[in-house]
Amino acid sequence: MFNFANPNGFFNKMEYNYRDIEKKWQEHWKQTKAYQVSNDSSRPKCYVLDMFPYPSGAGLHVGHPLGYIASDIYARYKRLKGFNVLHPMGYDAFGLPAEQYALETGQHPAVTTDQNIKAFREQLDHIGFCFDWEREFRTSDPGYYKWTQWIFLQLFDSWFNRQTRKATPITALTALFEQEGNTSHECPGDRHLRFSAAEWKGFDEPRQREILMHYRLAYLAFAEVNWCPALGTVLANDEVVNGVSERGGYPVIKKKMRQWFLRITEYANRLLEGLEQVDYSEALKEMQRNWIGKSQGAEIRFNVQDTDQHITVYTTRPDTIFGVDFMVLAPEHELVAKITTPAQQAEVDKYLDYVQSRSERERLAEVKQITGCFTGAYALNPFNGQPIPVWISEYVLAGYGTGAIMAVPCGDQRDFLFAKHFDIHITNIIGDAFNGQEANATKDAVLQNSDFLNGTDMKSAMDVVAAKVEEMGIGRRQINYKMRDAGFSRQRYWGEPFPIVFKNGIAYAVDEKELPVELPHVENYKPGEEGEGPLANVTSWVNIAPGVQRETNTMPGYAGSSWYFLRYMDPHNTTSFADRKVLDYWNQVDVYVGGTEHAVGHLLYSRMWTKALCDLGYIGFDEPYKKILNQGMIGGSSRLVYRVRGTNTFVSHGLKDQYETDPLHVDVNLVDGVELDTAAFRQWKPDYADAEFVLEEGKYICGSQLEKMSKRLFNTVNPNDVVEKYGADTFRMYEMFLGPVEQSKPWETKGIEGVHRFLKKLWRLYVDEQKGLIVKDASPTPEELKVLHKTIQKIDHDTNNFSYNTAVSQFMICLNELNSLKCNKRAILEPLLVLLTPYAPHVCAELWQLLGNSTSILDAAYPVFEEQYVKENAFNYPVAINGKTRTEMGFALDADTAAIEQEVLANELVQKWMEGKPLKKVVIVKGRMINVVV
């Protein structure tokens, strides 16, 4: 146990023993629960949050803590500013990686997840974060996912009322149906569904529940999945390569399976509007806007020649209606089977088999390859009856728009290439704007070959056609969104079970009193029959009663992370997901720190869940995060050695061009800067035990290149190793010193020495190794006060604005200036520690205690900037003779003009350059310059 009562007796020598100092204070903060936060405080609140980490078996490398350090500095800063700061940490513990690891190693995901979390926590603790660990939870805890399941049930039992633009209990919808049918509330799952109150009352329960499923915010539907019969499992898109499984190379086909979805598309417009209320980077906002993809246009119905069928297309360019030279249906479109002619059936079937092997990602990404098949059918242009050939092609997807497009080759490049490839006639409706060599998507041309639109500019024609379509009853103006409803089912084991049971095939919510529906322990993670999740194999768990079965899919990884920020506010509540009074106090997250890789996944779902919970009255705000700070990546600076081909001889970088060599990655921990430790290299791998080296001036110099940090490239650096060698305070400050938080930058271990020297130099400003504490109570000089208050102003501004790299630079400047002034005054050095505490909390806590303070520096008052100390009261004027500067002279800023002129003219150098010529005038610009005119 450390002796806190005798700070001066802690070390044998008064040296900067950072290892002991950091262990001491980390233990002290843990024992005293220094970072435990109360929900009952009169202080203003500040909620600082890190994006939910997934604790992988690989552990942290030095790139991972960048965002955590940034948020930790801000949290400590706001605490010193008098805020009650919530800064929690927990674990996103469900998900595919743990299950895959379990399959590979035979260990249960709960076991490996627990091991990973322990290792993760140990690494975090070494860095000295101010997390309130009393609020820690993991999404795989039944006490947590009970409330994930509860929120799912709120979504299941709600629909989006387009008139109020809010989620509303499903009971309100059934009441409306009883009174008026669905005439006032279009069905989002089936827009063509229409029924009266009488018809509703006449439907049996299965039909009523089927209709309600088309309205629910959490709903069931059939969707295509990647089914691999050989593996007996459903694969994600990125597990399928060129129609075969990445693992094993087995054929993969498309298969329709029952899946859960979230109706996030109903919130599309509110998600867009909400971006105007939050402080996100413009780049992040644009990513979300593009993902949501709002567009305005018209839906137009085209009758299919010689049938009673019609094709509905959505287009943002109704003005190009007379330039439609062909139509394209998604191969999965229901009309394909109905309109394909007998003559084309064999070709269409062959093409459909090909499309079955293609993932959606491949179909969207492939630009150069043009494929398609003519159905034999023709649609009719609704304005002039012109027959339009109907094709199918993989570049049109069933889930986007209506699954059909009207192709205008002169105005769309993909349509143009398709028409050229299949020798389809191209109609020019834009005159000279089309050169025949490529499409032109202009909106500024005057229309030609366009019937009643001839001579009309395209922008005006858009409205004309939309109005005409509505007048003729063949379509309507329409706002569409590119975003699709979010798939919410996973055929996996390690995830939240759905609180749903099926009675005779109909989905019912589990009674809330029965929550949580716990994940059963299994020994086998193999999928069930026909691609169902592994839970399908646990028949004793699935079959509750005759005709009653549990859902065997599990929720996706983003389920628990969509609302976790709310649980941190009240993590031990067993009666609700969080108390409303507590929710109202903490409210939105003030600063959310994490990577942009979650911009269109987690962030959108979290925003949707928040809006739904707000609509239903459970919380009082509908945007989860006020401000988001996206940290950049820290890249690995890889090191390369050069092996002479066919030998075990390695040539130094500067000599490699003299030999035929192969570059190989080497562990960066064996390299000092670029100089290889050849002895350590020989011990690294058995293959290199007898390695020979061709050196440059007695050294082996490695090559280097900046790459992603990866164990495969041997360029990862464990933060534990850096902390052990240099200390946590050095590590924290160096990560911030590397550059702006938002930018990506390389890690270079050698550069850390400068920051470490800064902290040792700081220590010596307070402590002499022989004499001990050297801080005095003498009054500070104006120069010392000026240095301090310049630093207060700069650090306060930079920390508040997350400009941590410039703040670290200012600390270094300040230290140099105080050393030059030989300052050892308490009035200067004590507030300096408070400023530095968010960045280097351990050394500051130690020096604060050495100064005799009995209170914690964590709760010290943040220094207040006083302008009076930094005001300049004198100025060095450049003195010019006839415009040419000849000397400098210093004067008080409030000096009398006449006195300045008298002293300037008496100056020897000025007299010399005047050369005895008569004086015309002296021009004095206060605080800028003096010019003597002769």
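Residues numbered from 1 in each chain as written. Predicted model: local features only at pLDDT ≥ 70, side-chain atom pairs only at ≥ 80, totals over all residues. Heavy atoms only, no water.

K.L.:
I'd like to hear about unusual backbone geometry, residue by residue, with values.
P.N.:
Look at the link from Leu515 to Pro516: it is a cis peptide, with omega at 0 degrees. Among the secondary structure elements, Pro516 is positioned in the loop between β19 (506-509) and α16 (539-542). One non-glycine residue, Lys33, adopts positive backbone phi at about 50 degrees. Structurally, Lys33 is set in the loop between α1 (18-31) and β1 (45-50). Not every positive phi belongs to a glycine, and Glu697 is a case in point at roughly 50 degrees. (Helix = DSSP H or I, 4+ residues; strand = E, 2+ residues; numbered from the N terminus.)

K.L.:
For the sheet that holds strand β23 (residues 628-630), give the residues involved together with the corresponding values.
P.N.:
One open sheet accounts for four strands, arranged β2-β1-β22-β23; its pairing is parallel. With one partner strand each, in any of the chains shown, β2 (84-86) and β23 form the two edges of the open sheet. Neighbour-to-neighbour, the strand axes of the sheet open up by a mean angle of 20 degrees, direction not taken into account. The pairing of β1 with strand β22 (residues 591-594) spans three bridges and is classified as parallel. What sits directly across from Val48, in β22, is Val591. (Pairing = 2+ DSSP bridges. Axes fitted to C-alpha atoms, helices over the stretch in contact; angles between N-to-C directions.)

K.L.:
Which residues make up the packing of aromatic side chains, and what are the values?
P.N.:
Here the structure, examined in full by the defined rule, presents 77 aromatic pairs. Between Phe131 and Trp133, the ring centres sit 5.5 Å apart and the planes meet at 75 degrees, which makes this aromatic pair edge-to-face. We classify Phe131 as buried; its relative accessible area is 2%. Accessibility expressed as a relative area gives 16% for Trp133, which makes it buried. Between Trp260 and Phe498 the ring centres are 5.6 Å apart and the planes differ by 20 degrees, which places this aromatic pair in the stacked class. Separated by 238 residues along the polypeptide, Trp260 in strand β9 (residues 253-262) and Phe498 in the loop between β17 (486-487) and β18 (500-503) bring together distant segments of the chain. Residue class for Phe498 comes out buried when judged on its relative accessible area of 1%. Pairwise contacts between aromatic rings join Phe52, Phe137, Tyr144, Trp147, Trp150, Trp563, Tyr564, Tyr568, Phe577 and Tyr618 into one cluster. Note that Arg121 overlies the ring of Trp133, its terminal NZ or CZ placed 3.8 Å from the centroid. When the ring centre of Tyr508 is taken as origin, the NZ or CZ atom of Arg209, which lies over that ring, is 4.0 Å away. (Phe/Tyr/Trp six-rings, centres within 6.5 Å; stacked < 30°, edge-to-face > 60°. Buried < 20%, exposed > 50% of the residue type's maximum accessible area, 1.4 Å probe, protein only. Lys NZ or Arg CZ within 6 Å of the ring centre and 35° of its normal.)

K.L.:
So what about helix α5 (residues 142-156)? Which residues, and what values?
P.N.:
Relative to the 21 Å expected for 15 residues at 1.5 Å per residue, α5 spans 20 Å between its end C-alpha atoms, a close match to the ideal helical length. What α5 keeps buried is the set Tyr144, Tyr145, Trp147, Thr148, Gln149, Trp150, Ile151, Phe152, Leu153, Gln154, Leu155 and Phe156. (Expected span 1.5 Å × (residues − 1).)

K.L.:
Any details on the sheet that holds strand β34 (residues 874-881)? Residues and values, ideally.
P.N.:
If you walk across this open sheet you meet the four strands as β35-β34-β37-β36, and the pairing is mixed. Edge strands, defined here as strands with exactly one partner in the open sheet, are β35 (884-892) and β36 (921-925). On average, each strand axis in the sheet is tilted by 20 degrees relative to the strand beside it, whichever way the strands run.

K.L.:
Before we move on, could you go through the side chain of Glu735 and cite the residues and values that matter?
P.N.:
Within the secondary structure, Glu735 sits in helix α23 (residues 728-737). It turns out Glu735 is buried and unbridged, and the closest side chain with the opposite charge, Lys745, is 7.8 Å from it. Other than its neighbours up to four places away in sequence, Glu735 contacts Val62, Pro65, Leu66, Ile69, Ile634 and Trp747. (Lys, Arg positive; Asp, Glu negative; His and termini not counted. Salt bridge = Lys/Arg side-chain N within 4 Å of Asp/Glu carboxyl O. Contact = heavy atoms within 4.5 Å.)

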